[in-house]
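Coordinate analysis (summary)
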Amino acid sequence: MTVTIVFDLDGTLIDSAQDIAAATNKMLAEQGVAPLSVAKVTSFVGKGLPNLVERVMRHCELEPDLHPQLCAATLS
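Residues numbered from 1 in each chain as written. Predicted model: local features only at pLDDT ≥ 70, side-chain atom pairs only at ≥ 80, totals over all residues. Heavy atoms only, no water.

All right, on to the overall build of the protein chain then. Within the protein chain, the secondary structure is distributed over four helices and zero strands. Listing every helix and strand of the protein chain by position from the N terminus yields α-α-α-α. For the protein chain, the C-alpha atoms occupy an extent of roughly 50 × 25 × 20 Å along the three principal directions. For the protein chain, the exposed area adds up to about 5400 Å²; of that, 58% sits on carbon and sulfur atoms. Each charge sign in the protein chain was given a centre, from 5 positive and 9 negative side chains, and these centres are 5 Å apart. (Helix = DSSP H or I, 4+ residues; strand = E, 2+ residues; numbered from the N terminus. Areas by Shrake-Rupley, 256 points an atom, 1.4 Å probe, with all protein chains shown as cover. Lys, Arg positive; Asp, Glu negative; His and termini not counted. Charge placed at Lys NZ, Arg CZ, Asp CG, Glu CD.)

Structure representation (structure tokens):
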């Protein structure tokens, strides 16, 4: 039996921008921060979730110490 798994790492097969923005904005709402546009969130995408969260945090002026907590919140 052969199993094939496909990863769409660059958004060419599925457009996940809406989902990424929704997860990011849910995390921001939990911090009392206004949502970001899909375009703004996707401008921060690249090199994994920790980098996305770090860029969002810098943009929204959130405390760096919250990084681990906010990464987990974005995934939930």
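A word on the pattern of salt bridges. With the rule as written, the count across this model stands at two salt bridges. Across the salt bridge formed by glutamate 54 and arginine 58, the nearest N and O atoms sit 3.0 Å from each other. Of this pair, glutamate 54 and arginine 58 are both found in helix α3 (residues 49–60), four residues apart, which corresponds to roughly one turn of the helix. Accessibility expressed as a relative area gives 35% for glutamate 54, which makes it partly exposed. Given a relative accessible area of 56%, arginine 58 falls into the exposed group. (Salt bridge = Lys/Arg side-chain N within 4 Å of Asp/Glu carboxyl O. Buried < 20%, exposed > 50% of the residue type's maximum accessible area, 1.4 Å probe, protein only.)

Approximately 290 Å³ is the volume found for the largest pocket. Contributing to the lining of the largest pocket are Asp19, Ile20, Ala23, Thr24, Val45, Gly46, Lys47, Gly48, Leu49, Leu52, Thr74 and Leu75. Elements supplying a minimum of two residues to the lining of the largest pocket: α1 (17–30), α3 and α4 (67–75). Partitioning the lining of the largest pocket into residue classes produces six nonpolar, four polar and two charged. (1 Å grid on protein atoms, 1.4 Å probe; cavity = no way out; pocket = protein on both sides within 12 Å on 5 of 7 lines; lining within 4 Å. Points joined across faces, edges and corners; volume = space filled by probe spheres on them. Nonpolar A, V, L, I, M, F, W, Y, C, P; charged D, E, K, R; others polar.)

We now examine the state of the cysteines. The final tally for this structure, using the stated rule, is zero disulfides. Left unpaired, cysteine 60 is separated from the closest cysteine sulfur, that of cysteine 71, by 14 Å. Judged by relative accessible area, which is 17%, cysteine 60 ranks as buried. (Disulfide = S-S within 2.5 Å.)

With that out of the way, let us pick up the nonpolar core. With 16 residues, the main nonpolar core has Met27, Leu28, Leu36, Val56, Cys60, Leu62 and Leu70 as its most contacted residues. Going through the elements one at a time, α1, α3 and α4 are the ones with two or more residues in this core. Look past the residues within four positions of leucine 70 in its chain and what remains in contact with it is Met27, Gln31, Val53, Met57 and Leu62. (Core = buried A, V, L, I, M, F, W, Y, C linked by side-chain atoms within 4.5 Å. Contact = heavy atoms within 4.5 Å.)

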